[in-house]
Amino acid sequence: MLREEGLRLIEQTRIIAIVRGVEEGHIAGVAQALLDGGVKVMEVTLNTSGAESMIARLQEQFGDRMYIGAGTVLDREDAEKAFKAGASYLVTPNMDEDVIRYAVEQGAPVFPGAMTPTEVVKAWKAGATAVKIFPGASLGIGYLKELQGPLSHIPMVAVGGVTEDNIAQFLQIGCYAVGIGGSLVNLKEIANGNYEWVREKAARLTARTQSQG
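In its Subunit (unreviewed entry) section, UniProt records this for the protein: "Homotrimer." Under the Sequence similarities (unreviewed entry) heading, UniProt states for the protein: "Belongs to the KHG/KDPG aldolase family."

**Q** Which residues make up unusual backbone geometry, and what values go with them?
**A** Most peptide bonds adopt trans geometry, and most residues besides glycine take a negative phi value. The omega torsion of the bond from Phe-134 to Pro-135 falls at 5°, within 30 degrees of zero and hence cis. You will see that Arg-14, though not glycine, has its phi angle at about 70°, which is positive. Within the secondary structure, Arg-14 sits in the loop between helix H1 (3-13) and strand S1 (15-19). Notably, Thr-72 is not glycine yet its phi reads approximately 55°, a positive angle.

**Q** Requested: an account of the pattern of salt bridges, with residues and values cited.
**A** Within the structure shown, the criterion is met by 6 salt bridges. With its nearest N and O atoms 3.9 Å apart, the salt bridge here joins Asp-98 to Arg-76. With Asp-98 in helix H5 (residues 97-105) and Arg-76 in helix H4 (residues 76-85), this residue pair connects regions lying 22 residues apart in the sequence. Accessibility expressed as a relative area gives 31% for Arg-76, which makes it partly exposed. Between Glu-164 and Lys-201 there is a salt bridge, with the nearest N and O atoms lying 3.0 Å from each other. Highlighted residues: Glu-164 in the loop between strand S8 (156-159) and helix H8 (167-172) and Lys-201 in helix H10 (residues 195-210), separated in sequence by 37 residues. For Glu-164, a relative accessible area of 15% corresponds to the buried category. When salt bridges with common partners are traced through the structure, they connect Arg-76, Glu-80 and Asp-98 into a single cluster.

**Q** Residues and numbers for the pairing of S1, please.
**A** Here S1 lies mainly inside the structure; 5 of its 5 residues are buried. Of the two faces of S1, the one carrying Ile-15, Ala-17 and Val-19 and the one carrying Ile-16 and Ile-18 are both buried. The pairing of S1 with strand S9 (residues 177-180) spans 3 bridges and is parallel. Directly across from Ala-17, in S9, lies its bridge partner Ile-180. Across 3 bridges, S1 lies against strand S2 (residues 41-45) in parallel orientation. Within S2, the residue paired with Ala-17 across the bridge is Met-42. Between the parallel elements S1 and S2, the chain passes through helix H2 (residues 27-36) in a crossover that is right-handed.

Rules of the game
- Every residue gets a number counted from 1 within its own chain, in the order that chain's sequence is written.
- Given that the model is predicted, a residue must reach a pLDDT of at least 70 before its local features are reported, and side-chain atom pairs must reach 80 or more before they are shown or counted; all residues, however, enter totals for whole chains, interfaces and linings.
- Calculated side-chain values reflect all of the structure's heavy atoms, with hydrogen atoms and water omitted.
- UniProt positions are given in the numbering used here, feature names are shortened, and annotations may be inferred rather than shown by experiment.
- A run of DSSP states H or I qualifies as a helix once it reaches four residues; a run of E qualifies as a strand once it reaches two. Both are numbered from the N-terminal end.
- Put simply, a salt bridge is a Lys or Arg side-chain nitrogen that is within 4 Å of an Asp or Glu carboxyl oxygen.
- Each residue is assigned to one of three classes by its accessible area relative to the maximum for its type, calculated with a 1.4 Å probe on protein chains only: buried under 20%, partly exposed between the two thresholds, exposed over 50%.
- Two strands pair if DSSP finds at least two bridges between them.
- A clockwise path from the first strand over the helix to the second, with the strands pointing away from the viewer, defines a right-handed crossover.

Structure representation (structure tokens):
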């Protein structure tokens with residue numbers, strides 16, 4: 001999927017599914033469940049066993065319908081592995097300017113993690129597509145809302161603590177998108193082959209984002 005089309009998907013659906021710890025045999029089932037539920041953007045974290053082969057497989061099977069990226073990209077070496085596997089974009093938990101610049105050189109979107117206003121601005125100036133505010137669960141909606149005050153020109157992705165009950169609030173305060181992991185990609189349900197659980201959860205979350213217009 002081309003960069004422009006992928007970014008449009010993020011702007012339309014507003015949800016990035018974070019896939020961490022899923023066994024490779026379940027990855028296609030999870031992707032199909034997310035897609036059927038309306039979540040068309042997903043990242044496979046590099047600290048998941050078999051992540052690189054999963055990214056390659058997802059691109060082959062779903063790359064024309066879903067935007068597939070790599071998460072937990074910690075440094076330049078990780079970034080190179082991710083792109084070699086076929087990742088269309090990078091998500092990081094930390095603010096590494098070298099990773100950001102490398103992604104920009106490759107023409108790929110990058111969503112670096114940042115916590116403080118200083119980190120957010122540095123990430124943006126280095127070329128971030130949007131800045132992931134992490135750890136969102138600990139910081140809370142109030143913190144994100146305060147950041148939006150002086151930094152409303154910087155697109156922000158809330159990650160951590162996003163649920164069905166509060167996803168609308170994150171979008172109402174101006175978040176560009178949200179990243180959702182374990183509460184959507186439930187490892188217990190997936191291990192039991194219950195992909196329908198994931199589809200239904202994705203559909204409910206998607207319905208909440210669409211209600212925000």
